[in-house]
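# Architecture at a glance
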Amino acid sequence: MSGKRRKPYMVRKTAGWRYDEAKDKMVQEYVIIGYAATKAEGLQMLAEFNQNPFDVKASKVTFQEVYELWSKSKYPTISKSNVHGYEASYRVCGTLYNKIFKEIRLADLQFVVDTCGKNYPTLKKLKGLFNQLYSYAMKNDICNKDYSEYVDILRYKDKNPDKRDRSKFTKQEIDRLWTLKDDPYYQIVLMLIYSGCRISELLDLKKADVHLEEQYFDVISSKTENGIRKVPIADKALPFYQAWYENSTCEYLLHTPEQKYFAYRNYYDSYWTPLMEQLGFAHKPHDTRHTCISMLAEAHVDQTMIKKIVGHSGAMTLAERVYTHLDIRALVDAINQI
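Residues numbered from 1 in each chain as written. Predicted model: local features only at pLDDT ≥ 70, side-chain atom pairs only at ≥ 80, totals over all residues. Heavy atoms only, no water.

### Focus: the pairing of strand β4 (residues 216-219)
Note the threshold: Burial classes follow relative accessibility: with a 1.4 Å probe on protein chains only, a residue under 20% of its type's maximum area counts as buried, one over 50% as exposed, and anything between as partly exposed. Put simply, DSSP H or I for four residues or longer makes a helix, DSSP E for two residues or longer makes a strand, and each gets a number counted from the N terminus. Any two strands between which DSSP finds at least two bridges are classified as paired.
Burial along β4 is two-sided: the residues Tyr216 and Asp218 and Phe217 and Val219 are all buried. Pairing analysis gives two bridges linking strand β3 (residues 210-211) to β4, with the strands arranged antiparallel. Among the inter-strand pairings, His211 is bridged to a residue of β4, identified as Tyr216. Adjacent in sequence and paired antiparallel, β3 and β4 are bridged by four residues, among which Gln215 carries a positive phi angle near 65 degrees. Direction of pairing for β4 relative to strand β5 (residues 229-232): antiparallel, over a ladder of four bridges. Counted as the bridge partner of Phe217 is Val231 from β5.

And the structure:
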């Protein structure tokens, strides 16, 4: 196909013929099988289709559509309590809603499990929903592989369902932080929550890598390859970045009162710990990152977008690493949803 495209090759097959009055001749009608990045990949798709034809219309069904089709036939046959359980599980799957079902992979399902913040009994219900949807999809030729059986929830088996998850800041705790937003050191906590970056990435951030007008900053050194990225600055946090930028006379955005580099141990012992104790919070700096990821997932932000924002190590699929070039404005719009 013409133009600059990520997948420039259309894979199609003749589905029949019809008479075109304008051209006064019979013309072919095609069914589009899909799109490919290379001609070789397209030929492979065509060969696989010829060997194992599938319903092209069914192959474009989304996760949400599979759920709706399945629930129409399933819910009338089960109790209200079971219906409520499935509905609750579906609500945490927001990042999957618009994904083509047959293109969903294990990493996508595991991402929902790892970021939803639910306890083990609830995760068992979530995996049960995945199992049901894949069973329905397999029977109806929507997909040909069941990834739900590989979803790992055992790592959460010992989680106490009656114990509050202290790794994530609650809405009430975040609201409390906003009442203290005039304090520059509480601002840092909010900057971490609304960026999802690691504390080391923010402490190492130089003013030269902060772009206030475009609302993002560059992480040029990180513990992982995916960590090298552009991080959007949320509208509500932008004033904090501007204030720190204007008040800094050293090369770093954040700094000590003496305009020196903020070493982690200094920041953690002299600032983070006293601030948390003052509020009665039991949190570590990394909890801000988990909070950001959870908030983005709850806002139904696309998984690829979340991974790009927080630089998830090992979570990117090959296609997402190679082909996804998200615009800064799109990243800002995403972070503004929390």
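### Points about the environment of Tyr67
The following threshold applies: Throughout, a residue-residue contact means that at least one pair of heavy atoms, one from each residue, lies within 4.5 Å. Here a polar contact is taken to be a pair of N or O atoms separated by no more than 3.5 Å, where protein atoms must pair a possible hydrogen donor with a possible acceptor and residues adjacent in sequence count only if both atoms sit in side chains.
When you line up the elements, Tyr67 lands in helix α2 (residues 63-74). Residue classification places Tyr67 among the buried positions, given a relative accessible area of 8%. Between the alpha carbons of Tyr67 and Gln132 there is a distance of 9.2 Å; along the sequence they are 65 residues apart. Not counting the four nearest positions on each side in its chain, Tyr67 is found in contact with Tyr75, Glu87, Tyr90, Leu129 and Leu133. Within polar-contact distance, the side chain of Tyr67 engages the side chain of Tyr75 at 2.7 Å.

### Concerning a positive patch on the surface
Quick reminder of the rule: Nonpolar side chains (Val, Leu, Ile, Met, Phe, Trp, Tyr) are joined into patches within 5 Å and like charges within 9 Å, using only residues with over 30% relative accessible area and no salt bridge. All accessible areas in this document rest on Shrake-Rupley with a 1.4 Å probe, and a residue is counted as covered only by the protein chains that are shown. In the sections that follow, a salt bridge refers to a side-chain nitrogen of Lys or Arg positioned within 4 Å of a carboxyl oxygen of Asp or Glu. Counted as positive: Lys and Arg. Counted as negative: Asp and Glu, with His and the chain ends omitted from the count. Every charge is mapped to an atom, namely NZ of Lys, CZ of Arg, CG of Asp or CD of Glu.
Together, Arg6, Lys7, Lys60, Lys102, Arg105 and Lys145 line one region of the surface with positive charge. Summarising the element assignment, Arg105 is placed in the loop between α3 (80-91) and α4 (106-115). Exposure remark for Arg105: the relative accessible area of 36% places this residue in the partly exposed category.

### Quick notes on the sheet that holds β4
Note the threshold: All axes are obtained by fitting lines to C-alpha atoms, using only the stretch in contact for helices, and the reported angles, taken between N-to-C directions, cover 0 to 180 degrees.
Spatially, β3-β4-β5 is the arrangement adopted by the three strands of the open sheet, whose pairing is antiparallel. Strands with a single pairing partner mark the edges of an open sheet, and in this sheet they are β3 and β5. The strands touched by helix α14 (residues 328-335) within the sheet are β4 and β5, with β5 carrying the most contacts at an inclination of about 45 degrees.

### Section: helix α6 (residues 171-178)
In plain terms, the rule: Throughout, the arc means that of the directions going from the helix axis to the C-beta atoms.
What α6 keeps buried is the set Glu173, Ile174 and Leu177. Projected down its long axis, α6 carries its buried residues within an arc of 100 degrees, all on one side. Exposed side chains of α6 directed beyond 90 degrees from the buried face belong to Lys171 and Gln172.

### Brief notes about the pattern of salt bridges
Tallying each qualifying case throughout the model produces 12 salt bridges. Between Arg198 and Glu201 there is a salt bridge, and its shortest N-O distance comes to 2.8 Å. Look at Arg198 and you get buried, because its relative accessible area is 11%. Linking Glu251 and Lys206 is a salt bridge whose minimum nitrogen-to-oxygen distance equals 3.5 Å. Placement of the pair is Glu251 in the loop between α9 (238-247) and α10 (264-279) and Lys206 in the loop between α8 (199-203) and β3, with a sequence separation of 45 residues. By relative accessible area, Lys206 is classed as partly exposed at 31%. Three or more residues joined by partner-sharing salt bridges are found here, namely Asp114, Asp152 and Arg155.

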